[in-house]
Amino acid sequence: MRFYKNMLANEGVLHHGPVPGATLELMKIRASQINGCGFCTDMHVKDAAYAGETPERLALVAAWREAPYYTEAERAALALAEEACRLADRPDGVSDETWDELRKHYDDEQTAVLVAAVAQINAWNRINVTLRNPAGDYDPEVKAKRYRDD
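Residues numbered from 1 in each chain as written. Predicted model: local features only at pLDDT ≥ 70, side-chain atom pairs only at ≥ 80, totals over all residues. Heavy atoms only, no water.

## Some remarks on the nonpolar core
Soluble globular proteins tend to bury their nonpolar side chains together.
Moving on, step 1. Leu24, Met27, Leu80, Leu102, Leu114 and Val118 are the most contacted members of the largest nonpolar core, which totals 16 residues.
Moving on, step 2. Only helix H2 (21-34), helix H5 (72-85) and helix H7 (108-131) provide two or more residues apiece to this core.
Moving on, step 3. When residues in this core are grouped by element, the largest group, five residues, is from H5.
Moving on, step 4. Non-local contacts of Leu24, meaning those with residues more than four positions away in its chain, are made with Leu14, Val19, Val113, Leu114 and Ala117.
Moving on, step 5. The next biggest cluster of nonpolar side chains, apart from the first, holds 10 residues, and it includes Leu26, Ile29, Ala48 and Leu78. (Core = buried A, V, L, I, M, F, W, Y, C linked by side-chain atoms within 4.5 Å. Buried < 20%, exposed > 50% of the residue type's maximum accessible area, 1.4 Å probe, protein only. Helix = DSSP H or I, 4+ residues; strand = E, 2+ residues; numbered from the N terminus. Contact = heavy atoms within 4.5 Å.)

## Structural notes on the environment of Gly12
Moving on, step 1. Residue position: Gly12 is located in helix H1 (residues 2-15).
Moving on, step 2. A relative accessible area of 14% means that Gly12 is categorised as buried.
Moving on, step 3. Sequence separation between Gly12 and Arg146 is 134 residues; the distance between their C-alpha atoms is 8.6 Å.

## Some words on the pattern of salt bridges
Charged atoms that come close allow side chains of opposite charge to pair.
Moving on, step 1. One pass over the full model with this rule turns up 11 salt bridges.
Moving on, step 2. As a salt-bridge pair, Arg75 and Glu72 come within 3.9 Å of each other at their nearest N and O atoms. Here Arg75 pairs with Glu72, and both are found in helix H5, just three residues apart, close to one helical turn.
Moving on, step 3. We classify Glu72 as partly exposed; its relative accessible area is 48%.
Moving on, step 4. Between Glu101 and Lys104 there is a salt bridge, with the nearest N and O atoms lying 3.1 Å from each other. Placement of both Glu101 and Lys104 in helix H6 (residues 96-105) is noted, with a separation of three residues, approximately one turn of the helix.
Moving on, step 5. Residue Glu101 is classed as partly exposed on the basis of its relative accessible area, which comes to 25%.
Moving on, step 6. Given the relative accessible area of 62%, Lys104 is considered exposed. (Salt bridge = Lys/Arg side-chain N within 4 Å of Asp/Glu carboxyl O.)

Here it is, written out as structure tokens:
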């Protein structure tokens, strides 16, 4: 299926891009939580753990504002993820405060990747929720093999 292959190709571009993988995984986890996608939440928690993310950071993604475990750059990316997932809740989409904070930490290319990553995970969430794909069976070695650089 061409669409699915293109979505996976986009993931490769994001994976090999200028934003740290940990930041992207945290964003994907948070977006998936907001969007109620158990399949994607399970996948990205497992991928992040497989890549060495700490249990504390994974456990507190939903409460990142109150947790001491995230950098200022990660906090800016998580704020973008939340606001981009909740566009209908805000008359101005993503707030000026979030953009200002994001731009303190990310250049133009990185910002474009972050925006694309949020759009991509929102698409994956909607696909998996629509198809009712269940959480629990994902093996993070699948992704590791897909993006192995050898």
